[in-house]
Amino acid sequence: MMGKNKNAATDARAKVGTLIGPGAVFDGNLTAPETVRVDGTVNGNCNCKGLLIVGVEGKINGDITSQNVIISGKVDGDIVAHGKLELLSTGKLIGNITAKSLVIDEDACFEGRCTMTVNALENAAENKAAREKEREKENKESRNAAPGAAMPSVEPERKNMKIL
């Protein structure tokens, strides 16, 4: 099994079509039809038709949509993987996962929710809409609970009172 994973990783490196190198910073959304490897920083959403690899020094601040994802670095955003998502031992993910298959190594860090599904894209859209609706409801409740707004008045009504 271990030999199989090493060969797959070597094959993936040989066929990388887009590389964000160490120290490079990409600001904006990234869309690619082939394998993408991030060893620098991407500030924006990533949409990849093939494999997206986040190297040990790589960092993505945005949502990811890809066929397969391998994370060794840091991701702060939601991920939709139509195939497999692998979070390796050096990887850190803060965000929600929607994937068909998920592998999390020992010592990896994951903070969020995970949905396993056959159709990742549809389920992710439904989950995102539900989360936005929940946030709107919480915001509305917090506005209504502003200081003094929900508190009943302690002063008596004076309009019908006569002063002697």
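Definitions and limits used
- Residues numbered from 1 in each chain as written.
- Predicted model: local features only at pLDDT ≥ 70, side-chain atom pairs only at ≥ 80, totals over all residues.
- Heavy atoms only, no water.
- Helix = DSSP H or I, 4+ residues; strand = E, 2+ residues; numbered from the N terminus.
- Buried < 20%, exposed > 50% of the residue type's maximum accessible area, 1.4 Å probe, protein only.
- Areas by Shrake-Rupley, 256 points an atom, 1.4 Å probe, with all protein chains shown as cover.
- pLDDT = per-residue confidence, 0-100.
- Contact = heavy atoms within 4.5 Å.
- Pairing = 2+ DSSP bridges.
- Salt bridge = Lys/Arg side-chain N within 4 Å of Asp/Glu carboxyl O.
- Axes fitted to C-alpha atoms, helices over the stretch in contact; angles between N-to-C directions.

### Brief notes about the overall build of the chain
Thought 1: Secondary structure assignment for the chain yields two helices and 14 strands.
Thought 2: Taken over 164 residues, the chain has a buried fraction of 30%.
Thought 3: By element, 51% of the accessible surface of the chain is carried by carbon and sulfur atoms, the whole surface being about 11000 Å².

### Re the confidence of the model for the chain
Thought 1: Scored by pLDDT, the chain has a mean of 81; 71% of the residues are at 70 or more.
Thought 2: This model gives residues 1–13 a pLDDT under 50, and the stretch forms four contacts once residues within four places in sequence are excluded.
Thought 3: The model gives residues 149–154 a pLDDT under 50, and that stretch makes two contacts with residues more than four places away or in other chains.

### Let's talk about the pairing of strand β10 (residues 79–87)
Thought 1: Burial within β10 is extensive, with seven of its nine residues counted as buried.
Thought 2: With six bridges joining them, strand β8 (residues 64–71) and β10 adopt parallel strand pairing. By the bridge assignment for β10, I70 is matched with E86.
Thought 3: Sheet analysis places β10 next to strand β12 (residues 97–104), joined by seven bridges and oriented parallel. Bridge assignment links A81 to a residue of β12, and that residue is A99.

### Digging into the pattern of salt bridges
Thought 1: Considering all chains together, one arrives at two salt bridges under this definition.
Thought 2: Taking the shortest distance from any N to any O, the salt bridge between D39 and R37 comes out at 3.0 Å.
Thought 3: E86 is the salt-bridge partner of K84, the closest N and O atoms lying 4.0 Å from each other.

### Digging into the sheet that holds strand β9 (residues 74–76)
Thought 1: Taken in spatial order, the six strands make up an open sheet running β2-β5-β7-β9-β11-β13, and their pairing is parallel. Taken across any chain shown, the strands that pair with only one partner, and hence form the sheet edges, are β2 (25–27) and β13 (109–111). Across the sheet, the mean angle from the axis of one strand to that of its neighbour is 5°, orientation sign disregarded.

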